[in-house]
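# Breakdown of the fold
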Amino acid sequence: MSWPLLRSVLFHLDAENAHRLAHAAFGLVTPGVARRQRAQPAPSLAVECMGLRFDSPLGLAAGFDKGDAHLAGLFALGFSHVEIGTITPRPQAGNDRPRLFRIPEARALVNRMGFNNAGAEVCSRRLAAAPRAARFGPVGVNIGKNKTTPNERAVDDYLACIDALHAQADYMVVNISSPNTPGLRALQEKGALEKLIRACSARLAERAPRMPLLLKLAPDLEPEAFDEAVDVAIDAGVHGIIATNTTLSRPGLDANPVAREQGGLSGAPLEPLATACVGRAYARARGRVPIVGAGGVMDAAGAWAKIRAGATLVQAYTGLIYGGPAFVRRVNEGLVDLMARDGFRSVAEAVGADHRA
Ligand SMILES: Cc1cc2nc3c(=O)[nH]c(=O)nc-3n(C[C@H](O)[C@H](O)[C@H](O)COP(=O)(O)O)c2cc1C
């Protein structure tokens, strides 16, 4: 069945049911099938950063696999890395359904999932049970706090997740930027952020020396607060910044009834805002840590814009929903053409090119 046809079938289902169905199918893929399916990206797309090797810049953003650990199926799509999560210490159901909405005419989603996941112990077991051969690239684990944990005790939740999950991760991400856990984004404030990152960085260094710790930021911070968060996080020990999570804003969607649903917006309308955040983070980090760009990467041009703005790696979620199984291959092939067009021999050479132009 062609992707446009399959997509029109899936898009007749409620968005979360369609997602569950597709995700269940990924769970059936074996490492052997994944090896045959996976298109090997051009060698010029390979990226080394944070001590890890990625066979292309493009990975799967957090939230698609919230701890099921369907690694073979997700890597079969061609992603260079897969980020699992957000995982919280204790299991939680998330918000009431419906909580995921499509805006097809804008190639966007609105979600207020609320960190539905089976908890750190179960996720750790599932990751441990996934065959080593299913790991075609780095696996990140993105962690958060339970909804019922007050912010004053948030640090304990992140440390519990590091303890439970570090052994299964190649890198870990502190997520304080989901708009769907009340109060979570307040942890981006200077004092709270410094305390959180220092504690996580120290704990991870103890448990897994040299494992990269990243911080994922929201695109809705005021520019000065965003810059400050980047500085504080780097000083407190992060090895990378992911910019960005979903937005509470609704750029260009004022008239759209679905856009009025509460939650975070992802996909094409987020692209300019997220790319601007990548540029800010890159300028602020001044090479101290790499930037991972996420938000509205729907095609090769979008991935290239993030790289030129300063992203060493790029992640996508909504692009996969609208682009289908060939999404990653198309982006990777397009990136090779765009690199040649702009006269770069490697991704590393192009990172931040717009700042030098
Ligand atoms: C349904 C859905 C659930 C998400 N869940 C998470 C999550 O649990 N943790 C997280 O850090 N980001 C989560 N995200 C945000 C994505 O990882 C990504 O940062 C954002 O969607 C922007 O990228 P995109 O435009 O390519 O989707 C979620 C996104 C969507 C659409």
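Whatever comes next refers back to the structure up there.
Now for a look at the structure at hand. None of the values given here were measured: they were computed from a predicted structure.

Attention now moves to the overall build of the protein chain. Scanning the protein chain for helices and strands turns up 14 helices and 13 strands. The C-alpha atoms of the protein chain give 19 Å as radius of gyration, which agrees with the globular expectation for 357 residues (21 Å, within 12%). A principal-axis box enclosing the C-alpha atoms of the protein chain has dimensions of 50 × 50 × 45 Å. With 357 residues in all, the protein chain has 60% of them scored as buried. Restricting to contacts in the protein chain with at least 6 residues of sequence separation, those with at least 24 account for 73%. Accessible surface for the protein chain amounts to roughly 14,300 Å². Of this, 54% is attributable to carbon and sulfur atoms. In the protein chain, 41 positive and 34 negative side-chain charges are present, and the distance between their average locations comes to 4 Å.

Tracing the backbone through its elements, the reader meets Glu83 in strand β4 (residues 82-87). Here the side chain of Glu83 touches Gln315 through a polar contact of 2.8 Å, side chain to side chain. For Glu83, the residues in contact, after removing those within four places along its chain, are Leu60, Ala61, Ala62, Asp65, Gly140, Asn142, Tyr171, Val173, Ile242 and Gln315.

Another point: the site of the ligand. Surrounding the ligand, one finds 24 residues, the nearest of these being Ala62, Thr86, Lys216, Gly296 and Thr318. A distance of 2.8 Å is found between an oxygen atom of the ligand and a side-chain nitrogen or oxygen belonging to Lys216. Separating an oxygen atom of the ligand from a side-chain N or O atom of Thr318 is a distance of 2.6 Å. Expressed as a share of its isolated accessible area of 600 Å², the protein-covered part of the ligand is 98%. Going through the elements one at a time, β4, β6 (108-111) and β11 (264-267) are the ones with two or more residues in the shell around the ligand. Partitioning the shell around the ligand into residue classes produces 8 nonpolar, 14 polar and 2 charged.

Note that soluble globular proteins tend to have their nonpolar side chains buried in a common cluster. Grouped together as the largest cluster of nonpolar side chains are 107 residues, with contacts concentrated most on Leu71, Leu127, Tyr158, Leu165, Met172, Val174 and Leu215. No other element matches the 8 residues that helix α6 (residues 154-165) contributes to this core. Formed by 8 residues, the second largest nonpolar core is a distinct cluster that contains Phe101, Ile103, Ala106 and Leu265.

A few words now on α6. An ideal rise of 1.5 Å per residue puts 16 Å on 12 residues; α6 measures up with 17 Å between its terminal C-alpha atoms. Summarising burial for α6: 9 of the 12 residues are buried, a large majority. For α6, every residue scored as buried is listed here: Ala154, Val155, Asp157, Tyr158, Leu159, Cys161, Ile162, Ala164 and Leu165. Each element contacted by the buried residues of α6 is listed here: β4, α5 (120-129), β7 (139-143), β8 (171-175) and α7 (190-207).

With 6 of 6 residues buried, strand β13 (residues 311-316) lies mostly within the body of the structure. In this structure, strand β12 (residues 291-294) lies alongside β13, joined through 4 bridges in parallel fashion. For Gly293, the partnering residue across the bridge sits in β13 and is Val314. Handedness of the crossover joining β12 and β13 through helix α10 (residues 300-309) is recorded here as right-handed.

Rules and cut-offs
- Residues numbered from 1 in each chain as written.
- Predicted model: local features only at pLDDT ≥ 70, side-chain atom pairs only at ≥ 80, totals over all residues.
- Heavy atoms only, no water.
- Helix = DSSP H or I, 4+ residues; strand = E, 2+ residues; numbered from the N terminus.
- Rg over C-alpha atoms; globule rule 2.2 N^0.38 Å.
- Buried < 20%, exposed > 50% of the residue type's maximum accessible area, 1.4 Å probe, protein only.
- Contact = heavy atoms within 4.5 Å.
- Areas by Shrake-Rupley, 256 points an atom, 1.4 Å probe, with all protein chains shown as cover.
- Lys, Arg positive; Asp, Glu negative; His and termini not counted.
- Charge placed at Lys NZ, Arg CZ, Asp CG, Glu CD.
- Polar contact = N/O pair within 3.5 Å; in protein donor to acceptor, adjacent residues only side chain to side chain.
- Near = heavy atom within 4 Å.
- Nonpolar A, V, L, I, M, F, W, Y, C, P; charged D, E, K, R; others polar.
- Core = buried A, V, L, I, M, F, W, Y, C linked by side-chain atoms within 4.5 Å.
- Expected span 1.5 Å × (residues − 1).
- Pairing = 2+ DSSP bridges.
- Right-handed = clockwise from strand over helix to strand, strands pointing away.

Nothing here speaks to function; it is geometry throughout.
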